[in-house]
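Chain residues, written in single-letter form:
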Amino acid sequence: RMVVNLLLAMTLGAEEDKGYELSTSLLWDVSKGFDLPLVIGEQFICKLGGKKFQSASYNDCLQFILTTLYEEGHEFAVNIYNTLMSQTTREQKCHLAYHGFDVQTRNWHFHEYKNCFVGKEAITWMVKYGLARDRKAAVTLGQYWMSKKLIKHVTDERPFE
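First, a word on what this report is: a plain description of the structure on this page. (Residues numbered from 1 in each chain as written. Predicted model: local features only at pLDDT ≥ 70, side-chain atom pairs only at ≥ 80, totals over all residues. Heavy atoms only, no water.)

### Quick look at the pairing of strand β4 (residues 104–108)
Thought 1: Here β4 runs beside strand β5 (residues 111–116); their pairing, made up of four bridges, is antiparallel. For Arg106, the partnering residue across the bridge sits in β5 and is Tyr113.
Thought 2: Counting the residues in the hairpin turn of β4 and β5 gives two residues, including His109, whose phi is positive at 50 degrees. (Pairing = 2+ DSSP bridges. Helix = DSSP H or I, 4+ residues; strand = E, 2+ residues; numbered from the N terminus.)

### Points about the nonpolar core
If you look at soluble globular proteins, the nonpolar side chains tend to sit buried side by side.
Thought 1: With 46 residues, the main nonpolar core has Ile65, Ile80, Leu84, Met126, Leu131 and Trp145 as its most contacted residues.
Thought 2: Only α1 (2–11), α2 (16–32), β2 (43–48), α3 (58–71), α4 (75–85), α5 (90–100), α6 (119–128) and α7 (135–147) provide two or more residues apiece to this core.
Thought 3: The leading source of residues in this core is α3, at eight residues.
Thought 4: Those residues in contact with Trp145 that sit more than four places away from it in its chain are Arg90, Lys93, Cys94, Ala97, Phe101, Met126, Leu131, Leu150 and Ile151. (Core = buried A, V, L, I, M, F, W, Y, C linked by side-chain atoms within 4.5 Å. Buried < 20%, exposed > 50% of the residue type's maximum accessible area, 1.4 Å probe, protein only. Contact = heavy atoms within 4.5 Å.)

### Quick look at the pairing of strand β3 (residues 51–55)
Thought 1: The pairing of β2 with β3 spans five bridges and is antiparallel. Among the inter-strand pairings, Phe44 is bridged to a residue of β3, identified as Ser55.
Thought 2: Counting the residues between successive antiparallel strands, the hairpin from β2 to β3 contains two residues, one of them, Gly49, with a positive phi of roughly 50 degrees.

### What to know about α6
Thought 1: Buried within α6 are the following residues: Gly119, Ala122, Ile123, Trp125 and Met126. Angular distribution of buried residues about the axis of α6 spans 165 degrees; they occupy a single face of the element. The exposed set on the far side of α6, more than 90 degrees from its buried face, consists of Lys120 and Lys128.
Thought 2: Looking at the packing, one finds that the buried side of α6 touches α1, α5 and α7.
Thought 3: Once α6 finishes, Gly130 follows within two positions and takes phi at roughly 75 degrees, a positive value. (Arc of directions from axis to C-beta.)

### Section: unusual backbone geometry
Thought 1: With phi around 50 degrees, His109 is a residue other than glycine that occupies positive phi space.
Thought 2: Inspection of the secondary structure assignment puts His109 in the loop between β4 and β5.
Thought 3: With relative accessibility at 57%, the residue His109 sits in the exposed group.
Thought 4: Backbone geometry places Phe110, a non-glycine residue, at a positive phi of 65 degrees.

### Considerations on the packing of α3 against α4
Thought 1: At their nearest, the axes of α3 and α4 sit 9 Å apart, and the two run at 120 degrees to each other. In terms of their interaxial angle, α3 and α4 are classed as oblique. In the crossing of α3 with α4, the sense of the turn from one axis to the other is left-handed. For the pair α3 and α4, contact is made by Leu62, Ile65, Leu66, Leu69 and Tyr70 and by Phe76, Ala77, Val78, Ile80, Tyr81 and Leu84, respectively.
Thought 2: When grouped by side-chain class, the residues that make up the contact of α3 with α4 number 11 nonpolar, no polar and no charged. (Axes fitted to C-alpha atoms, helices over the stretch in contact; angles between N-to-C directions. Parallel < 35°, antiparallel > 145°, perpendicular 65-115°, else oblique. Left-handed = near helix turned anticlockwise from the far one by under 90°. Nonpolar A, V, L, I, M, F, W, Y, C, P; charged D, E, K, R; others polar.)

### A word on the pattern of salt bridges
Thought 1: Counted according to the given criterion, the structure contains two salt bridges.
Thought 2: For Asp102, the salt bridge is made with Arg106, and the minimal N-O distance between the two is 3.6 Å.
Thought 3: For Asp102, a relative accessible area of 42% corresponds to the partly exposed category.
Thought 4: Taking relative accessible area as the criterion, Arg106 reaches 19% and is therefore assigned buried.
Thought 5: What emerges from the salt-bridge pattern is a single network uniting Asp102, Arg106 and Glu121. (Salt bridge = Lys/Arg side-chain N within 4 Å of Asp/Glu carboxyl O.)

By themselves, these figures tell us nothing about what the structure is for.
Here it is, written out as structure tokens:
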């Protein structure tokens, strides 16, 4: 959920005109994804496959789509997610990844390292959540982050792999 909140803030909260244009273009995707999309007064009321969602906030509606419906594999939710992800920079993707990776204290070669993630797991996560199209692109992205000193190996001895 934290990754979704950050993604929405980075894309829809971006430059006012750009965020507004993107937000408006997503309304069509949002409306066509539901069996019964309604806007009554200030309320979004949506039904899909027996599930009902109601909120006064467009942002809450997008959060529901990008968490619950994305995880269920609904095509329109995946399209919305991919649209938003395509608007992020490589540096923003690093920020998203930090909140998505399994970051914890780890032991390696009898030393304890805090705030670490495992490269292989990170690559899998980047592909699964659309930060990279495949494992090779994920490695390239991780190497870019290392070159910009956004991440580093715990001993500075290995490249991102």
